[in-house]
Every structure is written in C-alpha cells, then in structure tokens.
Amino acid sequence: MDFLIDFIEKRDCFEPADKLKLILFAARTKPSTFVSLKITPRNIGDKFHFERHLKDHNIFFNVDKPKSFEEISKIKNNKIVWSLKGTWYGYDLFKDKQHQRLFKRYLSFVKRQKKDDADIAAGKVYGYPACCIKQYIKENDLDWLKNNFSYYSYYKRLHDSERKFPFIAHTPCSTKCDISRKLNIKYKNIIKKRAPKFFKEFSKKKYFRTDFIVEGENNLMVGINNRPLWVKQDAHEYTVIANKPYNKHFYLLSYLTKEKEYAKGSLLSGSAEMQYNYADIKINKLKKVIPNLVHIRKFKLLGRKY
Ligand SMILES: [Zn+2]
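Residues numbered from 1 in each chain as written. Predicted model: local features only at pLDDT ≥ 70, side-chain atom pairs only at ≥ 80, totals over all residues.

S.K.: Describe the overall build of the protein, naming the residues involved and giving the relevant values.
M.R.: On a plain count of helices and strands, the protein comes out with 10 helices and 12 strands. In terms of C-alpha radius of gyration, the protein reaches 20 Å, essentially the compact-globule figure of 19 Å for 306 residues. If you line up the protein on its principal axes, its C-alpha atoms span 55 × 45 × 35 Å. Looking at the 306 residues of the protein, the share that counts as buried comes to 25%. Of the contacts formed within the protein by residues at least 6 apart in sequence, a portion of 60% connects residues at least 24 apart. (Helix = DSSP H or I, 4+ residues; strand = E, 2+ residues; numbered from the N terminus. Rg over C-alpha atoms; globule rule 2.2 N^0.38 Å. Buried ≥ 20, exposed ≤ 12 C-beta atoms within 10 Å, placed from the backbone. Contact = placed C-beta atoms within 7 Å.)

And the structure:
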C-alpha cells in the first residue's frame with residue numbers, strides 16, 4: 001500500500017481537482033504538480049502529516065506561506081455572504097531536481113514578463129503535450145484569438161474539452177487532440193487502479209435541483225481600459241451560484257447559452273448534473289431579477305499570482 005496515495009484519497013484537505021493531480025504525481029505519472037492544501041480547525045494535523053509523507057518519498061517540494069480562504073456561508077435576500085474558513089498552502093511538487101530547476105526558470109520568465117518562454121517552460125515542467133503548448137502560446141495573441149474564434153466557439157471548446165478529457169489538467173489544443181485523448185485514458189486507468197474510492201466518487205453523476213443566481217458574465221478583457229475582447233457576442237457564458245447548498249457547499253458554476261440573455265441578479269430555476277469537474281446546467285425559467293445584488297469577497301479564489 002502506498003501511504004501517500006492513501007492519505008490523499010482519504011483526507012478532505014484537497015479539492016477533487018487537486019486530488020486527481022496529486023494521485024497521478026504520487027503514482028509517478030506526472031513529473032510535477034501544484035496543489036492547494038486547505039487547513040481548517042477540523043484538520044490542523046494534515047499539513048504535518050502530508051509533509052511527512054513527502055519526505056518519506058524523497059519528493060522535492062516548495063511550500064508557500066499560508067493565505068486565507070473563504071467560502072459562501074449564506075445567501076439571503078440580495079446578499080451573497082462569504083466567510084473566512086481557514087488557511088491554505090500552495091505546494092509545488094517535483095519528481096527530481098531537474099524539474100525543480102526548470103520551474104525556477106519558469107518563474108524568472110514570468111518575472112521578466114516573457115510570457116511565451118514562461119509557457120514553454122511551464123509546459124515542460126508539468127509534462128503537457130507539445131502540440132497543446134504550441135496552441136496555448138498562439139492564443140496569447142488576442143488578435144489571433146478574436147479572428148479565429150467567436151465568443152461561443154471559444155467557450156464551447158473549453159466546455160467540450162472538460163467533458164471529453166476530465167482527467168487531464170491542461171487545455172488541449174483541440175477536442176480532437178490525439179495525445180490528450182491518450183493521456184486522458186492513461187490517467188483514468190491509473191486513478192481507477194491506484195485510488196478506486198476516489199475514482200468512484202469523482203466519476204459519479206450527482207444531480208440536484210436548485211435556483212441559480214446570475215452573478216456575472218465572462219469575457220476576455222483586453223488593454224489598459226479592460227475592454228471585452230468580443231464585443232459582438234453570439235452567446236453568453238454566465239457565472240451562476242446555486243442558491244442552496246449541495247454537500248454543504250454553495251456551488252459557483254459556469255453556464256454557456258446561445259438562447260437567452262440574463263441580467264445580473266436573475267434568479268433562474270433549474271438543475272445541475274455534476275460529474276468530474278464540470279456541471280451541466282438546465283434552466284427552466286426566469287423567476288425574477290434580484291435588485292442590487294451584493295456579492296463581495298475579500299480574498300481571491302485559491303490561486304497564485306507572481
Ligand atoms: Zn494537443
């Protein structure tokens with residue numbers, strides 16, 4: 001038995017997407033990974049425990065200073081209230097010194113704002129396919145992106161990629177990418193074999209009915225004035241919040257539609273079917289628009305900026 005995989009599978013300190021990456025890393029399939037470890041008053045010992053496993057496995061790692069995180073604690077009338085839940089630590093894990101060194105080079109490219117060089121280095125650190133790295137860099141050029149994708153086709157491809165390849169962590173160059181397809185199958189088989197309990201939970205379809213609040217609409221922003229890249233939109237990708245908790249969490253989900261336009265604060269009745277890391281949302285009808293929606297969060301999502 002691998003105690004590290006056992007620990008990752010059983011504990012609540014990692015989100016499912018991070019458990020997936022960690023198990024693949026611990027199974028020596030991914031060369032490096034980045035994950036967030038969340039500590040609340042209920043699992044204070046997990047950080048020590050996790051690091052002991054890393055040392056036992058001679059894994060090279062860097063750990064960030066702790067940062068706070070919050071979650072939606074209640075939704076009442078027009079207010080979406082976030083509360084402090086605990087602290088989180090970012091971990092960079094590497095299979096060897098060489099990958100750790102390459103990661104340092106990546107950071108130095110980021111600091112010097114050499115975006116393309118940084119993306120090439122990051123792709124190598126994390127073991128992404130060359131075709132997907134190349135495409136990712138092409139899309140750094142927003143003019144190219146705008147000329148080759150409409151709003152809808154851009155977001156649709158991202159949604160389709162998540163559905164088609166739920167076990168990979170990179171953005172595939174296309175939904176037809178053969179290397180990503182093979183990687184997805186390989187990763188799926190490893191997870192199924194090494195962490196069957198997690199595999200079952202991650203693959204299970206979870207269905208719930210709820211009302212959703214339209215929190216905002218996505219678009220890529222450009223320039224110093226932060227203008228939307230696609231001014232003429234052939235669809236809408238909304239961030240919606242389920243207004244009742246499921247598994248003790250208020251979920252923030254994305255909903256892509258070509259059909260209707262909804263104002264911020266729209267309350268929609270519908271349902272969500274979740275599997276892996278995505279949700280299929282069905283909307284029945286618009287119930288009303290909540291006036292003056294207040295949605296303030298103090299901290300950003302779990303993530304990093306250099
Ligand atoms: Zn590819």
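Right, picking up where we left off after that structure.
S.K.: Would you mind going over the packing of helix 4 (residues 97-111) against helix 5 (residues 115-126) in detail, with residue names and values included?
M.R.: For the pair helix 4 and helix 5, the least separation of the axes is 8 Å and the interaxial angle reads 160°. One element, helix 4, and the other, helix 5, form an angle in the roughly antiparallel class. Where helix 4 crosses over helix 5, the handedness of that crossing is left-handed. Across from His99, Leu102, Phe103, Arg105, Tyr106, Phe109 and Val110 in helix 4, the residues of helix 5 making contact are Asp117, Ala118, Ala121, Ala122, Lys124 and Val125. Grouping the amino acids of the contact of helix 4 with helix 5 by side-chain chemistry returns nine nonpolar, one polar and three charged. (Axes fitted to C-alpha atoms, helices over the stretch in contact; angles between N-to-C directions. Parallel < 35°, antiparallel > 145°, perpendicular 65-115°, else oblique. Left-handed = near helix turned anticlockwise from the far one by under 90°. Nonpolar A, V, L, I, M, F, W, Y, C, P; charged D, E, K, R; others polar.)

S.K.: Help me get a handle on the pairing of strand 8 (residues 236-242), residues and values and all.
M.R.: Remember that side chains alternate between the two faces of the sheet whenever the strand is regular. Judged by how many residues are buried, strand 8 sits mostly within the fold: six of seven residues are covered. Pairing between strand 5 (residues 206-217) and strand 8: five bridges, direction antiparallel. Across the sheet, residue Glu217 finds its bridge partner in strand 8, namely Tyr238. Judged from the six bridges that link them, strand 8 and strand 9 (residues 252-257) form a sheet pairing that is antiparallel. By the bridge assignment for strand 9, Val240 is matched with Leu253. (Pairing = 2+ DSSP bridges.)

S.K.: Any details on the domain arrangement of the protein? Residues and values, ideally.
M.R.: We note that the domain assignment places domain 1 (3-201) and domain 2 (205-296) within the protein. Here the C-alpha centre of domain 2 lies 23 Å away from the C-alpha centre of domain 1. If you list the elements that add at least two residues to the side of domain 1 that touches domain 2, you get helix 2 (16-26), strand 3 (67-76), strand 4 (79-94), helix 7 (142-148) and helix 8 (151-164). Top contributing element to the side of domain 1 that touches domain 2 by residue count: helix 8, with seven residues. Of the residues that constitute the side of domain 1 that touches domain 2, the class distribution is 10 nonpolar, three polar and six charged. (Domains from an automatic or database assignment.)

S.K.: Got a sec to walk through the nonpolar core? Specific residues and values, please.
M.R.: Core analysis: the biggest nonpolar cluster contains 40 residues, and Leu22, Ile23, Leu37 and Ile191 have the highest contact counts within it. Among the elements that take part in this core, helix 2 stands out by supplying six residues, more than any other. Ignoring anything within four residues of it in the chain, the contact list for Leu37 reads Cys13, Phe14, Asp46, Lys47, Phe50, Trp88, Tyr89 and Tyr91. Within the second largest apolar cluster, 17 residues are counted, among which are Tyr238, Tyr255, Ile290 and Leu293. (Core = buried A, V, L, I, M, F, W, Y, C linked by C-beta atoms within 7 Å.)

S.K.: Help me get a handle on the sheet that holds strand 11 (residues 278-289), residues and values and all.
M.R.: Reading across the sheet, the five strands line up as 9-8-5-10-11 and stay open at both edges, with antiparallel pairing between neighbours. Each having just a single partner strand, strand 9 and strand 11 make up the two edges of the open sheet. For this sheet, the mean angle separating the axes of adjacent strands, direction not counted, is 40°. Contacting strand 8, strand 9 and strand 11, helix 8 crosses the sheet at an angle of about 125° to strand 9.

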